[in-house]
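Each chain is listed here by its residues.
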Amino acid sequence: MAVRNGCRMGLPRQLKVHRASQYAWPAMHITASVFINDNETGLHHDYEAWLEQLAPFDVSSKRYQHNRTGEDNADAHLKRQVMGREVIVAITDGKLHPGPWEHIFYYEFDGRRCKRVLVKIIGE
Amino acid sequence: MKTLTKEIWMEVPKRRAIVSLHEEVVRLVGESNVKDGLALISAMHITASVFINDNEPGLHNDYEAWLEKLAPFDASAKTYQHNRTGEDNADAHLKRQVMGREVVVAITAGKLHLGPWEHIFYYEFDGRRRKRVLVKIIGE
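The written sequence of each chain sets the order in which its residues are numbered from 1. Labels are handed out in written order, letters beginning with A for the chains and numbers beginning with 1 for the ligands. Totals for whole chains, interfaces and linings use all residues, but because this is a predicted model, local features are given only for residues with pLDDT of at least 70 and pairs of side-chain atoms are given and counted only at 80 or more. Computation of side-chain values covers all heavy atoms of the structure but excludes hydrogens and water.

(A) Just the sheet that holds strand β4 (residues 48-53) of chain B, in detail. Residue and element names in this part refer to chain B. Two strands are counted as paired when DSSP detects at least two bridges linking them. Each helix corresponds to a stretch of at least 4 residues labelled H or I by DSSP, and each strand to a stretch of at least 2 residues labelled E; elements are numbered beginning at the N terminus. Spatially, the three strands line up as an open sheet ordered β2-β7-β4, and their pairing is antiparallel. Each edge of the open sheet carries a strand with a single partner, namely β2 (17-20) and β4. When strand polarity is set aside, the average angle formed by the axes of neighbouring strands in this sheet is 30°. In this structure, β2 lies alongside strand β7 (residues 119-124), joined through four bridges in antiparallel fashion. Of the residues in β7, the one forming a bridge with Ala-17 is Glu-124. Across the sheet, helix α3 (residues 90-99) lies against β4 and β7, angled at about 25° from β4, the strand it touches most. To obtain each axis, a line is fitted to C-alpha atoms, and for helices this fit is confined to the stretch in contact; angles are then taken between N-to-C directions over 0 to 180 degrees. Whether two residues are in contact is decided by their heavy atoms: any pair within 4.5 Å suffices.

(B) Here's a closer look at the packing of aromatic side chains. Here the aromatic set is Phe, Tyr and Trp, taking the six-membered ring for Trp, and pairing holds for ring centres within 6.5 Å; pairs whose planes are under 30 degrees apart are stacked, those over 60 apart are edge-to-face, and all others are tilted. Enumeration over the complete set of coordinates arrives at nine aromatic pairs over all chains. Aromatic pair Phe35(A) and Phe105(A): ring centres 5.5 Å apart, planes at 25°, arrangement stacked. Taken as a pair, Phe35(A) in strand β3 (residues 32-37) and Phe105(A) in strand β6 (residues 103-108) lie far apart in primary sequence, 70 residues in all. Residue Phe35(A) shares its accessibility class with Phe105(A), and that shared class is buried. Geometrically, the ring pair formed by Phe51(B) and Phe121(B) is stacked, given 5.5 Å between the ring centres and 25° between the ring planes. The rule is simple: take the accessible area with a 1.4 Å probe, protein chains only, and divide by the maximum for that residue type; under 20% is buried, over 50% is exposed, in between is partly exposed.

(C) Broad picture of the interface of chain B and chain A. At the junction of the two partners, chain B supplies 30 residues and chain A supplies 33 residues. Together, the buried faces of chain B and chain A total about 2,600 Å²; carbon and sulfur atoms form 58% of this surface. Considering only the side of chain B, the residues that lose the most area to chain A are Ile46(B), Gln97(B) and Arg101(B), jointly responsible for 23% of the buried surface there. Here a salt bridge means any side-chain nitrogen of Lys or Arg lying within 4 Å of a carboxyl oxygen belonging to Asp or Glu. Seen at the junction of chain B and chain A, the total is one salt bridge. Think of a polar contact as two N or O atoms within 3.5 Å of one another; within protein, one of them needs to be a possible hydrogen donor and the other a possible acceptor, and neighboring residues in sequence only count if both atoms come from side chains. Between the two partners, chain B and chain A, sit 16 residue pairs in polar contact (both at pLDDT 80 or more). Mapped by element, the contributors of at least two residues to the side of chain B that touches chain A are β1 (2-11), β3 (37-43), α3, β5 (102-108) and β8 (130-139) of chain B. Take the side of chain B that touches chain A: its biggest share by element is six residues, from α3(B). Think of it as three bins: nonpolar holds Ala, Val, Leu, Ile, Met, Phe, Trp, Tyr, Cys and Pro, charged holds Asp, Glu, Lys and Arg, and polar takes everything else, Gly as well. Of the residues contributing to the side of chain B that touches chain A, the split by class is 14 nonpolar, nine polar and seven charged. Buried area, as used here, totals the accessible surface that two parts lose on assembly, with accessibility defined by a 1.4 Å probe and the loss added over both.

And the structure:
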């Protein structure tokens, strides 16, 4: 991940999956989100601007007590709560059962280090 | 494993409204015959939410006012780049993120295993057209 924030890691819409089940994709780090919304770059820009307004980046501990720990990512912990941690998508007849415009994204709020997303698929 | 899959279609006549899904989900859990499992209830459209909270109209008005403050409706492309596409619903994509896409509810002894005041709702942020909610129930 080369940038601090950004909808840069769109994950594949479909995977080989089991017949009738559900699967969950949680972000395994607490300064990132997995979410479902439109694959439209203008909207991704709107998310960036909106989240920065709701929880501005500020490395100092004047605004965020969390940054007293020496970290600088309190804003990322807040932004991730707005966008969510995981999505759960139904699988029907061996395929994801999404709506017409649903697209699965990872949202990094504190990148420049190696992080993971977990995919868990259950069913028959 | 038993499964039940149901798409619930609806057309909310206003741009925004909260609609209870609760009784329909209770009915589908009964129809599924699942005694121990999970129910996924998700909005299939990206300008709507499924959420669980209080069935109290004052709170619903509070959500309306709060969400409008967080992500105001503005059809122009001045506030939202998404509206450059010709759409006018960027605010709806933002509001939906605050309220969430889906809920997952446990099923125990053949019934939804909910807290005392939990109630399942659909929140429409860009209505006046036909949209769907997916209910997927799995378990034994």
